[in-house]
Amino acid sequence: MARASDGRRARAAASSGLKSLVAVTRTIQGLVLTDREFSLPLEHARSDSGQIGVFAREVAAEDGRDRPFLVFFQGGPGSESPRPTTPSTPKWLPRALKDYRVLLLDQRGTGRSTPVGSLPGMTAQQQAAYLELHRADSIVRDAERIRQELGVERWSVLGQSFGGFCVCTYLSIAPEGLREAYVTGVLPPIARPTDDVYRATYDRVRERNRRFYARYPDDLERVRALHARLADEELLLPSGDKLTPRRFRQLGSMLGMSDGPERLHYLLDFPPDSPAFAHGVEAETSFARNPLYAIVHEACYADGCATRWSAERLFPEEFASSPELFTGEMVYSWMFEAYGALAPLREAAELLAAHEWPRLYDGERLEANDVPVAAAVYAEDMYVERVFSEETAARIKGLRIWLTNEFEHDGLRKDERVLDRLIDLARGRV
């Protein structure tokens, strides 16, 4: 049943121009879950831009329904918040619930929020204009409207990977709404061209290839044989997409996770003609479920610049001449022709690649920051250049950084010690 206070909040939202549906609360395995839906402006700077739905799920311990809020910003971009299935899933949840009630935000375009799919019925220009409004700045403004609607003076935030971009944007545009801030996996580069990002990232991907083949030397010939076969004959994936050598190389995006090398090895272990191989490859390289990832991936790095297909322009000669080298999480223009799920957004993707993106971060405001901030930076992270994270850490006044090689990019969801350490850092206990 919904709490009585939710009705009062809904009426208050309506009178302030916000619209929220009555929340629904249930208790599952000792967790009190409250589903909340909000109707928010598509474009916060324009009152006539129309409305989108944004969903958030509040999670509390049975004795913690009045604890302060911790808002979780998911990685991606383009992925919804995790769905708690047990009191210890996701892994960091038990530690969070000792101090907070958690608000799992389905960032705009994801999950139960108004989804981004193929955007039928729009011109390419309309699609591009709509998709422009799905970066960290719009997500943070959504969160601020929700905070105000819930009557929360200040709350804490936790950002994983792309969620860290959202946290740093929050510190730039609305720090007055924050009590504490935690970041895992990445501190975004500030005012750096996206070319700097991908030039450094290719170096990290090259190193992960070296480590992979050192661990599984027999896979090198297996990969070369698959490339030769894919160049000569057609191998279709379950969706009907053709498995090309370029798409096959994108399996390397797994290599930056703690279990990534093993997952890739066991996938290569299947016979290429088997359903297990075909479905496994498609599952690891599909954007059908979350097309927003491919659309705004480069754009999320753009802090006052155009990307112009940065990863594609900087494709190293060593990768071009060595097909056995897997690529990482880079996005390329050819994907919007080769991937059936992305084809309807091809022209919009070209427009967005040429778009001059506005700044996301306010350097002066970050340098004057007074919000307690702690960040876990993984020293050997494949997806993020450590030096850039350290540069950003130095610009955010008071930020305490934990530089460690104990975890990979997925450290937060693998070990609750990560969040525990960040809470202690932010509160000056270590």
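Source: prediction; values computed, not measured. (Residues numbered from 1 in each chain as written. Predicted model: local features only at pLDDT ≥ 70, side-chain atom pairs only at ≥ 80, totals over all residues. Heavy atoms only, no water.)

## Structural notes on the overall build of the protein
- Along its length, the protein carries 19 helices and 10 strands.
- A globule of 430 residues ought to have a C-alpha radius of gyration of about 22 Å, and the protein, at 22 Å, matches this closely.
- Dimensions of the protein, computed from C-alpha atoms along their principal axes, come out at roughly 65 × 55 × 45 Å.
- Counting only residues that meet the buried cut, the protein has 58% of its 430 residues in that class.
- Considering only intrachain contacts with a sequence separation of at least 6, the fraction spanning at least 24 residues in the protein is 74%.
- For the protein, the accessible area works out to roughly 17,400 Å², and carbon and sulfur atoms hold 49% of it. (Helix = DSSP H or I, 4+ residues; strand = E, 2+ residues; numbered from the N terminus. Rg over C-alpha atoms; globule rule 2.2 N^0.38 Å. Buried < 20%, exposed > 50% of the residue type's maximum accessible area, 1.4 Å probe, protein only. Contact = heavy atoms within 4.5 Å. Areas by Shrake-Rupley, 256 points an atom, 1.4 Å probe, with all protein chains shown as cover.)

## Quick look at the nonpolar core
- Counting residues in each nonpolar core, the largest one holds 107 residues, and the members touching the most others are Phe 73, Trp 155 and Phe 248.
- Counting residues per element, this core draws most heavily on helix H5 (residues 162–173), which supplies 7 residues.
- In contact with Trp 155, not counting residues within four places along its chain, are Phe 69, Val 71, Leu 103, Ala 143, Ile 146, Arg 147, Leu 150, Tyr 170, Gly 177, Leu 178, Arg 179 and Glu 180.
- Counting residues in hydrophobic clusters, the runner-up holds 26 residues, among them Leu 31, Leu 104, Val 418 and Leu 425. (Core = buried A, V, L, I, M, F, W, Y, C linked by side-chain atoms within 4.5 Å.)

## Regarding the packing of aromatic side chains
- Taken as a whole and judged by the stated rule, the model has 22 aromatic pairs.
- Centre to centre, the rings of Tyr 332 and Trp 334 are 6.0 Å apart; their planes meet at 10°, and the pair counts as stacked.
- On the basis of relative accessibility, which here comes to 4%, the residue Tyr 332 falls in the buried class.
- A residue is classified by how much of its surface remains accessible, and Trp 334, at 11% relative accessible area, is buried.
- Every member of this aromatic cluster is reached through a ring pair, and the members are Tyr 202, Phe 287, Tyr 293, Phe 315, Phe 319, Tyr 332, Trp 334 and Tyr 339. (Phe/Tyr/Trp six-rings, centres within 6.5 Å; stacked < 30°, edge-to-face > 60°.)

## Comments concerning the environment of Pro 291
- By the element assignment, Pro 291 lies in helix H11 (residues 291–296).
- A relative accessible area of 5% places Pro 291 in the buried class.
- On a C-alpha basis, the gap between Pro 291 and Pro 77 in space is 9.7 Å, while along the polypeptide they are 214 residues apart.
- Excluding its chain neighbours within four sequence positions, the residues that come into contact with Pro 291 are Val 116, Gly 117, Leu 342 and Leu 345.

## Observations regarding the side chain of Glu 385
- Secondary-structure assignment places Glu 385 in the loop between strand S9 (373–378) and helix H17 (386–395).
- Here Arg 204 takes part through its side chain, which lies 3.2 Å from a polar atom of the side chain of Glu 385.
- Within the local environment of Glu 385, its side chain forms a polar contact with the backbone nitrogen of Val 387, the two atoms lying 3.1 Å apart.
- With near-sequence residues (within four places) excluded, Glu 385 lies in contact with Ala 200 and Arg 204. (Polar contact = N/O pair within 3.5 Å; in protein donor to acceptor, adjacent residues only side chain to side chain.)

## Regarding the pairing of strand S3 (residues 31–41)
- With 10 of 11 residues buried, S3 lies mostly within the body of the structure.
- Pairing of strand S2 (residues 24–28) with S3, which is carried by 5 bridges, proceeds in the antiparallel orientation. The residue bridging Ile 28 from the neighbouring strand is Leu 31, located in S3.
- The turn joining S2 and S3, which pair antiparallel and follow one another in sequence, is formed by 2 residues; a positive phi near 50° is taken by Gln 29.
- Alignment of S3 against strand S4 (residues 51–61), held across 11 bridges, turns out to be antiparallel. Its bridge partner being in S4, Glu 37 is matched across the sheet by Phe 55. (Pairing = 2+ DSSP bridges.)

## With respect to helix H9 (residues 260–268)
- Listed in full, the buried residues belonging to H9 are Gly 260, Pro 261, Leu 264, His 265, Leu 267 and Leu 268. Down the axis, H9 shows its buried residues gathered within 165° of arc, on one side only.
- On its buried face, H9 is in contact with helix H6 (194–215), helix H7 (218–232), helix H8 (245–249) and helix H10 (275–285). (Arc of directions from axis to C-beta.)

## Quick notes on the side chain of Ser 274
- As for its placement among the helices and strands, Ser 274 is situated in the loop between H9 and H10.
- A distance of 2.7 Å separates a polar side-chain atom of Ser 274 from the backbone oxygen of Pro 271.

## Things to note about the pairing of strand S7 (residues 155–160)
- Among the 6 residues that make up S7, 6 are buried, leaving the element largely enclosed by the rest of the structure.
- What you see with S7 is no split at all: Trp 155, Val 157 and Gly 159 on one side and Ser 156, Leu 158 and Gln 160 on the other are buried throughout.
- Strand direction decides the pairing type here: strand S5 (residues 69–73) and S7, joined by 4 bridges, are parallel. When the bridges of S7 are listed, Val 71 appears paired with Val 157.
- Pairing analysis gives 5 bridges linking S7 to strand S8 (residues 178–184), with the strands arranged parallel. The residue bridging Gln 160 from the neighbouring strand is Thr 184, located in S8.
- Taken together, S7, H5 and S8 form a β-α-β motif whose crossover is right-handed. (Right-handed = clockwise from strand over helix to strand, strands pointing away.)

## Quick notes on the pattern of salt bridges
- One pass over the full model with this rule turns up 47 salt bridges.
- Note that Asp 35 and Arg 26 form a salt bridge whose closest N and O atoms lie 3.2 Å from each other.
- Across the pair Asp 99 and Arg 95 runs a salt bridge whose closest N-O atoms are separated by 3.1 Å. Remark: Arg 95 and Asp 99 occur in helix H2 (residues 93–99); sequence separation between them is 4 residues, near one turn of the helix.
- Residue Arg 95 is classed as buried on the basis of its relative accessible area, which comes to 7%.
- In this structure, a network of salt bridges that share partners links the residues Arg 95, Asp 99, Arg 179, Glu 180, Asp 420 and Arg 427. (Salt bridge = Lys/Arg side-chain N within 4 Å of Asp/Glu carboxyl O.)

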